[in-house]
Structure formats: structure tokens, C-alpha cells
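If you want the building blocks of each chain, they are given just below.
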Amino acid sequence: METFEVLLQESAKAHGHLCPGQVVGVRMAMEGCRRIGLDNPRERSQIKKLIVYVEMDRCAADAISTVTGARLGRRSLKFVDNGIMAATFVNLETGKAVRIVSKESARSLAASKAPQIRDRHRQQLEAYKTMACEDLFDILAVKVDVDDCDMPGPTKFKAVCQKCGQVVRDKREVMKNNRILCRPCALGTYFTPVQDKESDKKEYEKQSQSMAV
């Protein structure tokens, strides 16, 4: 694996700027890979052995992706929306896994680690670079049962929504009232369809004609 400074530069470039979250993410990824026995996860020989679960959509997630090579498109990066600055690293070959959580107490420690820096943002950034691992993280050995439908590789499972006809991959379909449904049909959507003006006009005319009858 590249050095911390090299990986941090790569991460900041990919993310768009350097910030404390980038430092935390790079160190988290390096430590996680080290503990599960992957010394260069971006190499072809190791890249298919790793799955990473990130629990936040913040700066550290980009850093972790940069260091490990894990990607959503490769199905090696999983997003678990817990809102926690944490990530779990899984070696698919050995089953070894660790969950690493960023300690909130590290923020207050930054002042004692870099007292010469007045700016809080810069102080955290520099302090996190040298802070002891046990001061920065809580690390727990864990077991993760990765389902076949979550493994990297070609799609193995497909279903068709019995309401809208959409193809649903990787067992993300929902059974509701004995029907196979996609999640939008079964659970609702995060979006609301917007009709164009012509469609609105036609709908208005249709409603007017119906009322006239």
C-alpha cells in the first residue's frame, strides 16, 4: 500500500478538497485493510477479496473508496445509512472483518495534539494525522454474512414487478399481498412525478368533459 501522505493526496484530489474527514477516512481504510490482511487492496490480486460497508455519506466515505478501490459499481462498496462515522472491512477470502468507528472524543483531543494551531478546522486536520489509533478509533472484530445477492460480479437474481413491470435485480423485490413488487411500488418513492404543461392541459380537459356529462 502507498504511504499515508500519498494516499491522502490522492483522496483529497478525488474528493475535491482536503479536510479532517479525508484524514479520518484514509487512516480508517488503511487500518481496516491492515487488520483483515490486505496490504494493497487496489491490486488486481486483492481487489476482489474486499467488501467495505460505509455508514455515512460524508467526506470519509470518498477517502475510504479511494484508498481501498471499493466502488458502488463494483458492488464492493456498500452504503448502510446509519449516519455514523464508521466502516466495516471484510476479507471475502478469509471471512475476517473489522468495524471501525471514529471517536467523537477525538475532536476535543485535537487541541492538545496541535496547540500551536488556532484554526479549529486546521487543528483537527493536523492532529488526526498523528493521533494514536486508539484515540481516533474504536475497533471491533466482527462477523459479516455476505449474501449471494450482495456479492460482486454479474447479476444472479432478477424479478419483475407485477405492478409496473420494472425488472428488479439482486433480490431487492418486495412481497406484498402475495405479489412481487419493486420497492417504489411497495413502499413509495423519494420523488414525485411532474407532468408537463401539455399533459396538465389534457388532464384538465378530460376532467372538464367528465364534469359536463
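Bear in mind that the values here come from a model prediction, so they are computed numbers and not experimental data.

Concerning the packing of helix 1 (residues 4-15) against helix 2 (residues 20-35)
Piece 1. At a closest axis distance of 10 Å, the pairing of helix 1 and helix 2 adopts a crossing angle of 125 degrees. Relative to helix 2, the element helix 1 is oriented oblique. As for the relative orientation of helix 1 and helix 2, their crossing is right-handed in sense. Counted together, Phe 4, Leu 7, Leu 8, Ser 11, Ala 12 and His 15 of helix 1 and Gln 22, Val 23, Val 26, Arg 27 and Met 30 of helix 2 form the full contact between these two elements.
Piece 2. Along the lines of polarity and charge, the residues of the contact of helix 1 with helix 2 split into seven nonpolar, three polar and one charged.

Observations regarding the packing of aromatic side chains
Piece 1. All told, the structure shown has one aromatic pair when counted by the stated rule.
Piece 2. With centroids separated by 5.2 Å and ring planes inclined at 80 degrees, the aromatic side chains of Tyr 190 and Phe 191 adopt a geometry described as edge-to-face.
Piece 3. Between the NZ or CZ atom of Lys 171 and the centre of the ring of Phe 157, over which it lies, the distance is 4.2 Å.

Quick notes on the layout of surface pockets
Piece 1. Empty space within the largest pocket amounts to approximately 400 Å³.
Piece 2. Lining the largest pocket are 18 residues, with Gly 21, Val 24, Met 85, Ser 102 and Arg 107 sitting closest to its centre.
Piece 3. Where the lining of the largest pocket is concerned, the elements lending two or more residues are helix 2, helix 4 (59-68) and helix 6 (120-130).
Piece 4. With three residues, the top contributor of residues to the lining of the largest pocket is helix 2.
Piece 5. Of the residues that constitute the lining of the largest pocket, the class distribution is nine nonpolar, four polar and five charged.
Piece 6. Lining the second largest pocket we find Val 167, Val 168, Arg 169, Arg 172, Arg 183, Pro 184, Leu 187, Gly 188, Thr 189, Tyr 190 and Phe 191.
Piece 7. For the lining of the second largest pocket, the secondary structure elements donating two or more residues are strand 7 (167-169) and helix 8 (183-187).

With respect to the sheet that holds strand 1 (residues 50-54)
Piece 1. Strands sit in the order 2-1-3-4-5 across an open sheet of five strands; the sheet is mixed. At either margin of the open sheet sits one strand with a lone partner, and together these are strand 2 (77-79) and strand 5 (137-142). The sheet shows a mean angle of 20 degrees between the axes of neighbouring strands, taken without regard to direction.
Piece 2. With three bridges connecting them, strand 1 and strand 2 associate as parallel partners. Bridging from a neighbouring strand, Tyr 53 pairs with Lys 78 of strand 2.
Piece 3. Packed on one face of the sheet, helix 2 meets strand 1, strand 3 (86-91), strand 4 (97-102) and strand 5 and runs near 160 degrees to strand 4.
Piece 4. Along the sheet, helix 4 makes contact with strand 1, strand 2 and strand 3, crossing strand 1 at roughly 175 degrees.

Describing the side chain of Ser 76
Piece 1. Its place among the elements puts Ser 76 in the loop between helix 4 and strand 2.
Piece 2. By relative accessible area, Ser 76 is classed as buried at 6%.
Piece 3. Within the structure, the side chain of Ser 76 is placed 3.0 Å from the backbone nitrogen of Arg 71, a separation counted as a polar contact.

Conventions we followed
Residues numbered from 1 in each chain as written. Predicted model: local features only at pLDDT ≥ 70, side-chain atom pairs only at ≥ 80, totals over all residues. Heavy atoms only, no water. Axes fitted to C-alpha atoms, helices over the stretch in contact; angles between N-to-C directions. Helix = DSSP H or I, 4+ residues; strand = E, 2+ residues; numbered from the N terminus. Parallel < 35°, antiparallel > 145°, perpendicular 65-115°, else oblique. Left-handed = near helix turned anticlockwise from the far one by under 90°. Contact = heavy atoms within 4.5 Å. Nonpolar A, V, L, I, M, F, W, Y, C, P; charged D, E, K, R; others polar. Phe/Tyr/Trp six-rings, centres within 6.5 Å; stacked < 30°, edge-to-face > 60°. Lys NZ or Arg CZ within 6 Å of the ring centre and 35° of its normal. 1 Å grid on protein atoms, 1.4 Å probe; cavity = no way out; pocket = protein on both sides within 12 Å on 5 of 7 lines; lining within 4 Å. Points joined across faces, edges and corners; volume = space filled by probe spheres on them. Pairing = 2+ DSSP bridges. Buried < 20%, exposed > 50% of the residue type's maximum accessible area, 1.4 Å probe, protein only. Polar contact = N/O pair within 3.5 Å; in protein donor to acceptor, adjacent residues only side chain to side chain.

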